[in-house]
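# Tertiary structure, described
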Amino acid sequence: MAVPIRYKILTLTLSILGLTAWPLVPSAAGQNNKDDKSSTSDGGSIPPFAPNTNLTFSIPKILRTVKIDGKLDEPIWKRAARLDNFVEISPGDNERPKVKTEAFFAYDTENFYLGFICYDHDTNQIRASICDRDEIFDDDFVGIILDTFNDQQNGYEFFVNPHGIQGDLSRTPSVEDESFDTIWEAAGEINSVGWTAEMAIPFRSLRFPDAEEQEWRIHVLRIRPRDSREQISWAPISRDDNCLFCQAGTMKGIVGVNKGRNLEFLPYAIGTQASSLEDARDPDSRFVDGKVKGDWGLGVKYGITSNLTADLTYNPDFSQVESDAAQIDVNTTFALFFPEKRPFFLEGYDIFRTHYNVVYTRTINDPTVAAKLTGKMGKYTIGYVLARDEISPFIVPFDDWTELAAGGKSISNILRIKRDILSDSYIGILFTDRHHTNGSSASNTTFGVDWTIRFKENYYIDTQIGGSYTREPDDLDLSSSFTDTTFSDGKYTSIFDGENFTGTSLYAQFRRNARHWNVFLAYQDLSPTLRAENGFVTGNNYRLGTLWNGFLLQPNNKVVDLIEPAFNAGLKYNHEGIYKDSWFRLQNFIRFKKQTSLFLAYLWSAERFRDVLIKGISRLEGEAYTEFSEFLSGGSSWRIGRSVARSETPTVLGRERTISLWTTVKPTSQLRIHINYDYAKMLALHSNTEFYSGFVARSRLTYQFTKRLYLRLITQYNDFAKAFEIDPLLSYKINPFTVFFMGSTHDLSDFGRDVGYRQTDRQFFVKFQYLFRV
């Protein structure tokens, strides 16, 4: 599949050093902002650049609170631990950066304080948006990565842009998760030296060991998007070591702090009014206005210890503030994946990740009550979710397609335990269970063990072994839309007729991550009876082997930052020994200067779909992206060639044209317009007979009045469904959890040339929720 090009935050990262006191922020006249290339002011030559080698430091305790205004003009910063001598880790390889960076650290009984001076030659080139939280990652930004447990498994990321807009994420060795949010302060200021920023992170917003003195691993990182997306780190990062946390610095000196019994209450109130056509198929039917309805709910969070948290929510409002973007599904027979957006499930979500999706919390669709326990005890990471769901969806996998159904009430239990072992390695178990409670004995249970073992710095073994037990509902009406067939050598029927069966799964991968040569060799085996009702398993009954092999070069010359030619191949059979698929793809990824990237690939394949063997599959695939200016960025992806026409009966080979275009325009620092256009067309191989053709267009306009107040307008047109959607929203956000918003949704459908578009549904809503920290 295509390699992602729109790199978000970091591929590499950083650490810490130093302890000297410093003067207040210097003036531009007193600061050498030029590249240090030739000599010192007294004519002497500058010594060769050498990255930091002492990556351990202590931070002082202060007795007064720091005012977070981004200026670093308080005397308290003179006592802070000072870190300097940063290095450029990308596109340079631990080289002297083009600009200087300094970082400062201190703490009191309540907060961890950070200050940054980001020197720059030309402040007009600084990229800085006034935007919503977590939308800063195309800007200049600076911050830290914290591994508070010093376990090389999980971390926090805190970043800030020059206007003080925050970005916070959670991190595992392989995933950065932007859905993480917590309470902290930040401010920034563009000034004569470049820009400066301050942070205050409450200890109660972090999880850390229950110890008298803390010893945390830490990286300090600055991103400076110019000709290249410069990554500047306090700690040198080796491209021959794929473990980011292993290369972090060590921060000591925090003594006698405790997260305490952090107790939080998050009540909400919501009001809605919905209207719709009396008959959705008749545009002349009466448009019925529903009654105004109100509802409320409550979330409670309790910090049992500094590293273990319990959450409880009653009658949660899990409505989406932003609707899911439409996806084109006209030529796919498998269920489409939509990301989780609900805050209750997002926090700690990384704990439940495994090598394939056994846990997908959107299968808990409409819970009336849910509870969660997450945290770490010594070397053990623990996660547990209990939820009662009112409308439980079914994702039922088969060889070549997925069946979907929405059932009744259920109770779900999900348990995850991981133990840290060795370096950047773990072993874990996962258990899920969903029992249906509406007079049915139906259930699904999965269980498994998984691990990642790192050895010789560059090599990893990833494995997951699992099983499932399913007792189907005895409800033919619920499965009335299913294809009536059998599976597992005809032993079982596809419909819900109360059958019981067990299933097995295996995932194994060997991978090498290094400076130049990288390889992934994987095998996956899912039996025809495997199901995961709390997960996202959309297909089964296959044995699949894959190989990806690439060679990475980073010349960092005047034109190119990175080149990575590669190939990948795969072979797939089902459990009856019948050939299903094979492919070979040649590809190349190039990252040019001006933050412009190009991915090109050519695929050859032969696939058996619904018992028809389709040979001669071949197509050009690619993606291009550029972020050459702050004002305008965008890209395109495409698939052009011969592909399987899965929408046709019988299955045939067709000529595919799938093209996506996207662009983001920022006329001012406060206004952002994002436009997406997805087009798909399939023609017969030897004629102009059209199998399908259509597009989905979506725009998202956001105006940020202040850091807290913004107006957003989403419009979307789905040509396949002939449906138009308009969603305005006004939001005031004090922090990620204390919010007020009001908005509406308007759905229109095309009833033909004589009638045109008519509004079929409309909803107005207003919501207020407030976080109380006790």
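Counting starts from 1 at the beginning of each chain's written sequence and moves along it residue by residue. With the structure being a predicted model, the display of local features is reserved for residues of pLDDT at least 70 and the display and counting of side-chain atom pairs for 80 or more, all residues being used for whole-chain, interface and lining totals. Hydrogens and waters are ignored; side-chain quantities use all the structure's heavy atoms.

## Section: the overall build of the protein chain
Helix and strand labels come from DSSP, where a helix needs a run of H or I of at least four residues and a strand needs a run of E of at least two; each type is numbered from the N terminus. Counting its secondary structure elements, the protein chain contains one helix and 43 strands. For the radius of gyration, the atom set is restricted to C-alpha positions; the globular benchmark scales as 2.2 Å times the number of residues to the power 0.38. In terms of C-alpha radius of gyration, the protein chain reaches 27 Å, essentially the compact-globule figure of 28 Å for 774 residues. With the principal axes as the frame, the protein chain shows a C-alpha extent of 85 × 55 × 55 Å. The classification of residues rests on relative accessible area computed with a 1.4 Å probe and restricted to protein chains. Under 20% of the type maximum is buried, over 50% is exposed, and intermediate values are partly exposed. Evaluated residue by residue, the protein chain yields a buried proportion of 52% over its 774 residues.

## Section: empty space enclosed by the protein
By rolling a water-sized probe across the atoms, one finds the places where empty space is left. Think of a 1 Å grid over the protein atoms and nothing else: a 1.4 Å probe that fits but is trapped marks a cavity, an open set flanked by protein within 12 Å on at least five of seven lines marks a pocket, and residues with an atom within 4 Å of a point count as lining. Grid points are joined across faces, edges and corners, and a volume is the space filled by probe spheres set on the points. Counted by the stated rule, this structure contains six cavities of 30 Å³ or more. Quantified by volume, the second largest cavity comes out at close to 120 Å³. Elements supplying a minimum of two residues to the lining of the second largest cavity: strand E24 (443-455) and strand E25 (459-471). Residues are sorted three ways: Asp, Glu, Lys and Arg are charged, Ala, Val, Leu, Ile, Met, Phe, Trp, Tyr, Cys and Pro are nonpolar, and all the rest, Gly among them, are polar. Across the lining of the second largest cavity, the residue classes tally to eight nonpolar, eight polar and two charged.

## A word on the sheet that holds strand E10 (residues 185-191)
Note on pairing: DSSP must find at least two bridges between two strands before they are called paired. Spatial strand order, E2-E4-E5-E11-E10: five strands in an open sheet with antiparallel pairing. Edge positions in the open sheet fall to strand E2 (81-83) and E10, since each of these has one partner strand only. Each neighbouring strand pair of the sheet contributes to a mean axis angle of 15°, computed without reference to strand direction. Note on geometry: axes are lines fitted to C-alpha atoms, helical ones only across the stretch in contact, with angles between N-to-C directions running from 0 to 180 degrees.

## A short note on the pairing of strand E19 (residues 380-389)
Looking at chain direction, strand E18 (residues 367-377) and E19 are connected through 10 bridges and run antiparallel. Across the sheet, residue Val369 finds its bridge partner in E19, namely Arg388. Hairpin connection of E18 to E19: two residues between the antiparallel strands, including Gly378 at a positive phi of 65°. Strand direction decides the pairing type here: E19 and strand E22 (residues 410-421), joined by 10 bridges, are antiparallel.

## Some thoughts on the state of the cysteines
Two cysteine sulfurs form what is called a disulfide whenever their separation falls within 2.5 Å. Taken as a whole, this structure holds one disulfide when the rule is applied. The residue that forms a disulfide with Cys243 is Cys246, at a sulfur-sulfur distance of 2.0 Å. Disulfide Cys243-Cys246: the torsion about the S-S bond is 75°, which places it as right-handed. With no disulfide partner, Cys118 has as its closest neighbouring cysteine sulfur the one in Cys131, 16 Å distant. For Cys131, a relative accessible area of 4% corresponds to the buried category.

## Here we look at the confidence of the model for the protein chain
It should be kept in mind that the predicted coordinates are not to be read in detail where pLDDT is low. Across the chain, each position has a pLDDT score giving the predictor's confidence in that residue, from 0 to 100. Counting all residues, the mean pLDDT for the protein chain is 90, and 93% of those residues have values of 70 or more. Here, residues are in contact when the closest pair of their heavy atoms is within 4.5 Å. Across residues 26-43 the pLDDT falls below 50, and counting only partners more than four positions away or on other chains, this stretch makes 28 contacts in the model.

## Points about the side chain of Asp424
Considering the arrangement of structural elements, one finds Asp424 in the loop between E22 and strand E23 (425-436). Under this definition, polar contacts are N or O atom pairs within 3.5 Å; protein pairs additionally need one hydrogen-donor-capable and one acceptor-capable atom, and for neighbouring residues in sequence, both atoms have to be side-chain atoms. At 2.9 Å, the side chain of Asp424 forms a polar contact with the side chain of Tyr460. If sequence neighbours within four positions are ignored, Asp424 has contacts with Gln152, Gln153, Pro173, Cys243, Cys246, Thr452, Arg454 and Tyr460.

## Things to note about the packing of aromatic side chains
A pair of aromatic rings is counted whenever rings of Phe, Tyr or Trp (Trp by its six-membered ring) have centres within 6.5 Å, and the orientation is called stacked for planes under 30 degrees apart, edge-to-face for over 60 and tilted otherwise. Counted by the stated rule, this structure contains 40 aromatic pairs. One aromatic cluster is present, formed by Phe57, Phe105, Tyr107, Phe112, Phe203, Phe208, Trp216 and Trp234 through successive ring pairs. A ring is scored as having a charge over it whenever the NZ atom of a lysine or the CZ atom of an arginine sits within 6 Å of its centre and within 35 degrees of its normal. A cation sits over an aromatic face here: Lys418 above Tyr426, 4.4 Å from the ring centre.

## Thoughts on the nonpolar core
We call a set of buried Ala, Val, Leu, Ile, Met, Phe, Trp, Tyr and Cys residues a nonpolar core when their side-chain atoms join them within 4.5 Å. Of all hydrophobic cores here, the largest spans 40 residues; its most connected members are Phe105, Phe112, Phe116, Ile144 and Met251. Leave out the neighbours within four places in its chain, and Met251 touches Phe57, Ile59, Phe105, Phe112, Leu146, Gln214, Glu215, Trp216 and Ile218. Grouped together as the second largest cluster of nonpolar side chains are 23 residues, Ile364, Ile414, Ala522 and Trp583 included.

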